[in-house]
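Structure at a glance
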Amino acid sequence: MPARPWPAIALLVAAPITLNVAFAGLGSAFDYPHVLREPAAEVLALFRHNQTAVVAWFVVLAVAAAALAPLAVLIGRLDRAPAMRAAVAAGVAAAAVQAIGLLRWPVAVPALAARAAEEGPDSSAVRTFEVLGAVLGTGLGETAGYTLTAAWTALVAIALRHRMPAAWSVLGCVCAVLVLSGVLVPLDIPLMAQTNFVGYVLWSIWLLAFAALLACRPAASAARHESTPAQPIDAPHPL
């Protein structure tokens, strides 16, 4: 494992912070994701009411989701285990499907909202919005996105289990299970939405802990990693 992989550390910090800030911004400007429970015509009307802010926050959220692709590649350089190679593929795919799903909001929805405002709730734009939500939202961005994000998280935790503290690896696997529970949300199973939300909160903490462990790793250990078997990275000691 190379000494102080600062690009990876920077993304490990920036991605979860940006993701949570954007999510909070959408909650304030658009009542997202709860607004998606409303009829499609009402969702489009609410979107149009505060369109500039909503579009901006969705762009930020999509950028944060897309950041998982370079992050997966950079983390992939930390280990050559088969699990890590699989993690790179899962991470890049997760970034792609989630970014595509989110970008429907700034790319396609403004025109649909404008048409629905002109033509009324029976507009074909409302049906198109529903189809895009089902295919790009629920199917691609959420179901595939949750599955691939959970896979990336679990594979990284497994690949680095001998280099990182056991608690970090266990937390990663727990996050993976909780994030994966999001695929059950469309089935209206009780508490799955809350479980998925908790999973993403813990996932953000897991990423930040990953950054801290990489940043605080003893610099002298870099040379040892080139010639000796991997050793666990010690957690920072209090001063």
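Here goes a summary of the coordinates provided. (Residues numbered from 1 in each chain as written. Predicted model: local features only at pLDDT ≥ 70, side-chain atom pairs only at ≥ 80, totals over all residues. Heavy atoms only, no water.)

Before going further, it helps to examine the environment of valine 88. Along the chain, valine 88 turns up in helix 5 (residues 82-107). For valine 88, a relative accessible area of 22% corresponds to the partly exposed category. Contact partners of valine 88, with chain neighbours within four places excluded, come to Ala72, Val73 and Gly76. (Helix = DSSP H or I, 4+ residues; strand = E, 2+ residues; numbered from the N terminus. Buried < 20%, exposed > 50% of the residue type's maximum accessible area, 1.4 Å probe, protein only. Contact = heavy atoms within 4.5 Å.)

Mapped onto the fold, tryptophan 105 is located in helix 5. Taking relative accessible area as the criterion, tryptophan 105 reaches 0% and is therefore assigned buried. Each C-alpha atom of the pair tryptophan 105 and phenylalanine 129 lies 9.7 Å from the other, and the pair is 24 residues apart in sequence. Those residues in contact with tryptophan 105, other than ones at most four positions away along the chain, are Phe30, Leu36, Val43, Phe47, Phe58, Pro110 and Phe129.

Here the focus is the pattern of salt bridges. Applying the stated criterion across every chain, the model contains 3 salt bridges. Here arginine 115 and glutamate 119 are joined by a salt bridge, their closest N and O atoms 3.9 Å apart. Here arginine 115 and its partner glutamate 119 are both found in helix 6 (residues 109-119), 4 residues apart, which amounts to about one turn of the helix. Classification of arginine 115 by relative accessible area gives partly exposed; the value is 31%. Taking relative accessible area as the criterion, glutamate 119 reaches 45% and is therefore assigned partly exposed. A salt bridge links arginine 127 to glutamate 130; the shortest N-O distance between them is 3.5 Å. A residue pair is termed a helical-turn pair when its members lie 3 or 4 positions apart in one helix, as arginine 127 and glutamate 130 do in helix 7 (residues 124-159) at 3 residues. Since its relative accessible area comes to 54%, arginine 127 is described here as exposed. Residue classification places glutamate 130 among the partly exposed residues on the basis of a relative accessible area of 37%. (Salt bridge = Lys/Arg side-chain N within 4 Å of Asp/Glu carboxyl O.)

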